[in-house]
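# Summary of structural features
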Amino acid sequence: MLRRAFKVARQLLVSLDQLAQVLIVGLIYVVGLTTICPSADETISSYVGRGQLRGAWWARLLAPAIDALFVLLGEEPGHCRRNVETAFIGSPPTP
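Residues numbered from 1 in each chain as written. Predicted model: local features only at pLDDT ≥ 70, side-chain atom pairs only at ≥ 80, totals over all residues. Heavy atoms only, no water.

## Considering the packing of helix α2 (residues 44–54) against helix α3 (residues 57–72)
Filter applied, for reference: Helix axes use the C-alpha atoms of the stretch in contact, all axes being lines fitted to C-alpha atoms, and the angles between their N-to-C directions lie in the range 0 to 180 degrees. By the criteria applied, helices consist of DSSP H or I runs no shorter than four residues and strands consist of E runs no shorter than two, each listed in order from the N terminus. In these notes the angle categories are as follows: under 35 degrees is roughly parallel, over 145 is roughly antiparallel, 65 to 115 is roughly perpendicular, and the rest is oblique. The hand of a helix crossing depends on one turn: near helix anticlockwise from the far one by less than a right angle means left-handed, and clockwise means right-handed. Between two residues, a contact is recorded if the distance between any of their heavy atoms is within 4.5 Å. Polar here means any residue outside two lists: the nonpolar Ala, Val, Leu, Ile, Met, Phe, Trp, Tyr, Cys and Pro, and the charged Asp, Glu, Lys and Arg; Gly therefore counts as polar.
As a packed pair, α2 and α3 sit with axes 9 Å apart at the nearest point and diverge in direction by 135 degrees. Regarding the angle of α2 to α3, the classification is oblique. When the axes of α2 and α3 are compared, the crossing they make is left-handed. Between α2 and α3, the contacting residues are Ile44, Ser45, Tyr47, Val48, Gly51, Gln52 and Arg54 on the first element and Trp58, Ala59, Leu62, Ala63, Ile66 and Phe70 on the second. Of the residues that constitute the contact of α2 with α3, the class distribution is nine nonpolar, three polar and one charged.

## Digging into a nonpolar patch on the surface
We apply this condition: Candidate patch residues must exceed 30% relative accessible area and have no salt bridge, after which like charges are joined if within 9 Å and Val, Leu, Ile, Met, Phe, Trp or Tyr side chains if within 5 Å. Note on areas: Shrake-Rupley, 1.4 Å probe, and residue coverage restricted to the protein chains presented here. The term salt bridge refers to a pairing of a side-chain nitrogen on Lys or Arg with a carboxyl oxygen on Asp or Glu at a separation within 4 Å. A simple rule labels every residue: compare its accessible area, found with a 1.4 Å probe on the protein chains alone, to the largest value its type can have, and call it buried under 20%, exposed over 50%, or partly exposed in between.
Side chains of Leu13, Leu16, Leu19, Leu23, Ile24, Leu27, Ile28, Tyr29, Val30, Val31 and Leu33 sit close together on the surface and give an oily, nonpolar patch of about 1100 Å² of accessible area. Tracing the backbone through its elements, the reader meets leucine 33 in the loop between α1 (2–30) and α2. In this structure leucine 33 comes out as exposed when scored by relative accessible area, which is 69%.

## Brief notes about the pattern of salt bridges
Here the structure, examined in full by the defined rule, presents two salt bridges. Across the pair arginine 50 and glutamate 42 runs a salt bridge, and its minimum N-O distance is 2.7 Å. In this pair, the class of arginine 50 matches that of glutamate 42, namely buried. Across the pair arginine 82 and glutamate 75 runs a salt bridge whose closest N-O atoms are separated by 2.8 Å. Residue arginine 82 is classed as partly exposed on the basis of its relative accessible area, which comes to 45%.

Structure follows, in structure tokens:
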């Protein structure tokens, strides 16, 4: 039961991450600072990772901070690039 509760808690955290991404990027989109409309299916890490792939200056600043946070949580470096949603780079999703 505890394992199931952790799975649900993780999904809740991911959904909050996605909501935060839509709110932040949505505001930036509305005021005209980006041409990319936010997607409810994308996390902040994925959005920043896509920015890195495009060479965006802001992504080069944000990605190291996000990656460092996830290294502290036990992940390997490169969290943002690894978490780019495949739907946003034109690749089929992996099973």
